[in-house]
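Survey of secondary and tertiary structure
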Amino acid sequence: MVALQINALFKKTAPVPAKKTAPAKKPVPAKKPSPFVKKTAPAPAKKTAPVKKTAPVKTVKKAAPAPKKTVPMKTIVRKAAPVRKAAPVRKAGKASGVNQAGSDKSKWYGPNRRLYLPAGLLDINTDVPSYMNGTLAGDYGFDPLQLGKDGKIAQYRIAEVQHARWAMLAVPGVVIPEALGVPGGNWTETGKVFLDGEAGRPEILGNPYLFTAIEVALLAGVEGYRSGKLEAPAGFAPIYGKFEGKDFKGLDPINPGGPLDFLNVASTPEDLAILKVKEIKNGRLAMIAMLGVFVQGATTGGEGPATNWAKHVADPFAYNFVTISAIDRTPVL
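Here is a short report on the structure shown in this document. (Residues numbered from 1 in each chain as written. Predicted model: local features only at pLDDT ≥ 70, side-chain atom pairs only at ≥ 80, totals over all residues. Heavy atoms only, no water.)

1. Focus on the overall build of the protein chain
The number of helices and strands found in the protein chain is eight helices and two strands. Mapped from its N terminus to its C terminus, the protein chain presents α and β elements in the order α-α-α-α-α-β-β-α-α-α. In the protein chain, which comprises 333 residues, the proportion classed as buried is 18%. Residue pairs in contact within the protein chain that sit at least 24 positions apart in sequence constitute 53% of those at least 6 positions apart. When the accessible surface of the protein chain is summed, it comes to about 27,800 Å², and 65% of that surface belongs to carbon and sulfur atoms. (Helix = DSSP H or I, 4+ residues; strand = E, 2+ residues; numbered from the N terminus. Buried < 20%, exposed > 50% of the residue type's maximum accessible area, 1.4 Å probe, protein only. Contact = heavy atoms within 4.5 Å. Areas by Shrake-Rupley, 256 points an atom, 1.4 Å probe, with all protein chains shown as cover.)

2. Examining a nonpolar patch on the surface
A cluster of nonpolar side chains, Tyr 116, Leu 117, Leu 121 and Phe 142, forms an exposed patch at the surface whose accessible area comes to about 410 Å². Examined against the element boundaries, Leu 121 turns out to sit in the loop between helix 1 (2-10) and helix 2 (153-180). The exposed category is assigned to Leu 121, whose relative accessible area is 59%. (Patch = residues over 30% accessible without salt bridge, like charges linked within 9 Å, V, L, I, M, F, W, Y side chains within 5 Å. Salt bridge = Lys/Arg side-chain N within 4 Å of Asp/Glu carboxyl O.)

3. Focus: the pattern of salt bridges
For the structure shown, the criterion picks out seven salt bridges. One salt bridge connects Arg 165 with Glu 279, and the closest N-O pair in it is separated by 2.5 Å. Here Arg 165, found in helix 2, pairs with Glu 279, found in helix 6 (residues 269-299); they are 114 residues apart in sequence, far enough to count as distant. Judged by relative accessible area, Glu 279 falls into the partly exposed class, the value being 22%. Linked by salt bridges that have partners in common, Arg 157, Glu 160 and Arg 284 make up one network.

4. With respect to the packing of helix 2 against helix 7 (residues 305-314)
Closest axis-to-axis distance for the helix 2/helix 7 pair is 8 Å, and the angle between their directions is 65°. Each of Val 174, Val 175, Glu 178 and Ala 179 in helix 2 lies in contact with helix 7, whose residues at this interface are Pro 305, Ala 306 and Thr 307. Tallied by class, the residues present in the contact of helix 2 with helix 7 amount to five nonpolar, one polar and one charged. (Axes fitted to C-alpha atoms, helices over the stretch in contact; angles between N-to-C directions. Nonpolar A, V, L, I, M, F, W, Y, C, P; charged D, E, K, R; others polar.)

5. Details of the nonpolar core
Trp 108, Tyr 109, Ala 137, Ala 273, Ile 274 and Val 277 together form the largest nonpolar core, which totals six residues. If near-sequence neighbours (up to four positions away) are discounted, Ala 137 is found in contact with Tyr 109, Arg 157, Lys 276, Val 277, Ile 280 and Arg 284. (Core = buried A, V, L, I, M, F, W, Y, C linked by side-chain atoms within 4.5 Å.)

6. Observations concerning helix 6
The terminal C-alpha atoms of helix 6 lie 45 Å apart, and with 31 residues this matches the ideal 45 Å at 1.5 Å per residue to within 8%. Against helix 2 and helix 7 lie the buried residues of helix 6. Following helix 6 by one or two positions, Gly 301 has its phi on the positive side, about 80°. (Expected span 1.5 Å × (residues − 1).)

7. Some details on the packing of aromatic side chains
Under the definition given, this model contains three aromatic pairs. When the ring of Phe 243 is compared with that of Phe 248, the centres are 5.6 Å apart and the planes differ by 85°; the resulting orientation is edge-to-face. On the basis of relative accessibility, which here comes to 12%, the residue Phe 243 falls in the buried class. Between Lys 105 and the ring centre of Tyr 109, over which it is positioned, the NZ or CZ distance is 5.8 Å. (Phe/Tyr/Trp six-rings, centres within 6.5 Å; stacked < 30°, edge-to-face > 60°. Lys NZ or Arg CZ within 6 Å of the ring centre and 35° of its normal.)

8. Quick look at the environment of Gln 162
Counting through the fold element by element, Gln 162 comes out in helix 2. Separated by 121 residues in the primary sequence, Gln 162 and Gly 283 have C-alpha atoms spaced 9.0 Å apart.

9. Quick look at unusual backbone geometry
With a phi close to 70°, Ile 239 is a non-glycine residue in the positive phi region. Secondary-structure assignment places Ile 239 in the loop between strand 1 (235-237) and strand 2 (241-243). Given the relative accessible area of 41%, Ile 239 is considered partly exposed. Notably, Asn 264 is not glycine yet its phi reads approximately 55°, a positive angle. In this structure, Asn 264 sits in the loop between strand 2 and helix 6. Classification of Asn 264 as buried rests on a relative accessible area of 12%.

10. Concerning the packing of helix 2 against helix 6
At their nearest, the axes of helix 2 and helix 6 sit 7 Å apart, and the two run at 60° to each other. With respect to helix 6, the axis of helix 2 lies oblique. The hand of the helix 2/helix 6 crossing is left-handed. Facing Arg 157, Glu 160, Val 161, His 163, Ala 164, Arg 165, Ala 167, Met 168, Ala 170, Val 171 and Val 174 of helix 2, the residues of helix 6 in contact are Glu 279, Ile 280, Asn 282, Gly 283, Arg 284, Ala 286, Met 287, Ala 289, Met 290 and Val 293. A per-class count over the contact of helix 2 with helix 6 returns 13 nonpolar, three polar and five charged. (Parallel < 35°, antiparallel > 145°, perpendicular 65-115°, else oblique. Left-handed = near helix turned anticlockwise from the far one by under 90°.)

Spelled out as structure tokens, the structure:
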């Protein structure tokens, strides 16, 4: 055991010699400048330009933005539909009024109304009579014969309206019976057919005195009631119902309304004014149409307007005013 320990002691390794570091190099002394080399003057240092003082920037304090006004939300309130006032019920069974919508009263009445010639061709101050001032319905300033100069223009208007209404009844009364083939439908033969007994009452129509007396009595009564000379009797009108004669007092004798306006079409003064214009315009057209019926019957040898129209439509070039009025120039040997 002792021998092994001694042997182990001798087997210890020799220590590793430390490496020698290389000696540090001595610094090379700086070479002395040669006296023959010109010394270079040191470059003067460039003077830096003085920095311009910048004007102090005024800091403008921005005003704080005004707070946006909050737009109040509009609350849309739906208006309830207006309740239409019912027309005043005078009697049981009245109809509601008919509004003449879209009608401009200033076009037919007053100084700015329409005249019978376009603007520029007619001066209302010099070419239109002073008594035609636009108060009457259908006043176009046309009176070439100066008939209203005597101051009776209101009476002439009554006569015109009456003739217009008769003409509006006569035109369909002439055309429709003839077109339907009713006996005596041709207006030139109506009286003859009645007198011959084919229709009507020959015992009445055959006596001209009795027929004239009946006609005068009926028309006199109508005119008496219209003018107010006779008190209107009580009666009954469709839809309107029963009425009394006093219901007509104070009403216009030409356009009374009241019980005669049982449809209540002239429920307001504006509606009545427009309806007067429409009536007189249609009435004037009907009077011209009746004049054409008279001339046509005399020209065509007593033919009615429906027959004339049917022949003209069947052959327009062979049956017209020129061919009917042409003189026959057939040579005769």
